[in-house]
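# Results of the structural survey
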Amino acid sequence: IFPGKNYKHQIELICNVLGTPSQADLESVTSQKALQFLQNMKPRDRLKFTNQYPNATPQAIQLLESLLCFAPERRLTVEQALQSPFLESLHDPSDEPAGEGPLDFEWEKQVSGESHHP
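This text gives an overview of the structure that appears in the document.

Definitions and cut-offs
- Residues numbered from 1 in each chain as written.
- Predicted model: local features only at pLDDT ≥ 70, side-chain atom pairs only at ≥ 80, totals over all residues.
- Heavy atoms only, no water.
- Helix = DSSP H or I, 4+ residues; strand = E, 2+ residues; numbered from the N terminus.
- Buried < 20%, exposed > 50% of the residue type's maximum accessible area, 1.4 Å probe, protein only.
- Arc of directions from axis to C-beta.
- Contact = heavy atoms within 4.5 Å.
- Polar contact = N/O pair within 3.5 Å; in protein donor to acceptor, adjacent residues only side chain to side chain.
- Phe/Tyr/Trp six-rings, centres within 6.5 Å; stacked < 30°, edge-to-face > 60°.

So, about the environment of Lys42. Summarising the element assignment, Lys42 is placed in the loop between helix 3 (32-39) and helix 4 (49-52). For Lys42 and Phe105, which are 63 residues apart along the polypeptide, the C-alpha to C-alpha distance reads 34 Å.

The structure is reproduced here in structure tokens:
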């Protein structure tokens, strides 16, 4: 959704939509460079999704707002999102297996040619 060219560009793209993160949101930022960049950024307002997507249903807007949160701990989980009224017609708990443990993306480094060495 926010394919930045680098971390600064990606932060700019995110903040253009979500607005400037709150102090509480900044606590979830682990990169010192990103944190410093965010703290020095001019304040921005969050976009009103109802203005961006005037034909969207209230359920769609609610789901979008619940998924696009700066702090990861405030975002819906996949399981919570699937229970959203917007996805009600698609939700089938008997056909939605949960993953076991964290995903391993090491294969991306091999495909992209990134080195495993510092």
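The next point concerns helix 3. When we look at burial in helix 3, the residues that qualify are Ala34, Leu35, Phe37 and Leu38. The buried residues of helix 3 all sit within an arc of 165 degrees when viewed along its axis, so they share a single face. Turned more than 90 degrees away from the buried face of helix 3 sit Gln32, Lys33 and Gln36, all of them exposed. Those residues of helix 3 that are buried are in contact with helix 1 (7-18) and helix 2 (23-26). N-cap assignment for helix 3: the residue whose side-chain oxygen lies 3.4 Å from the backbone N of Lys33 is Ser31.

Along the chain, Leu35 falls in helix 3. We classify Leu35 as buried; its relative accessible area is 15%.

A complete count under the given rule lists one aromatic pair for this structure. With a centroid separation of 6.5 Å and an interplanar angle of 75 degrees, the aromatic rings of Tyr7 and Phe37 are classed as edge-to-face. Taken together, the residues span a long stretch of sequence, with Tyr7 in helix 1 and Phe37 in helix 3 at a distance of 30 residues.

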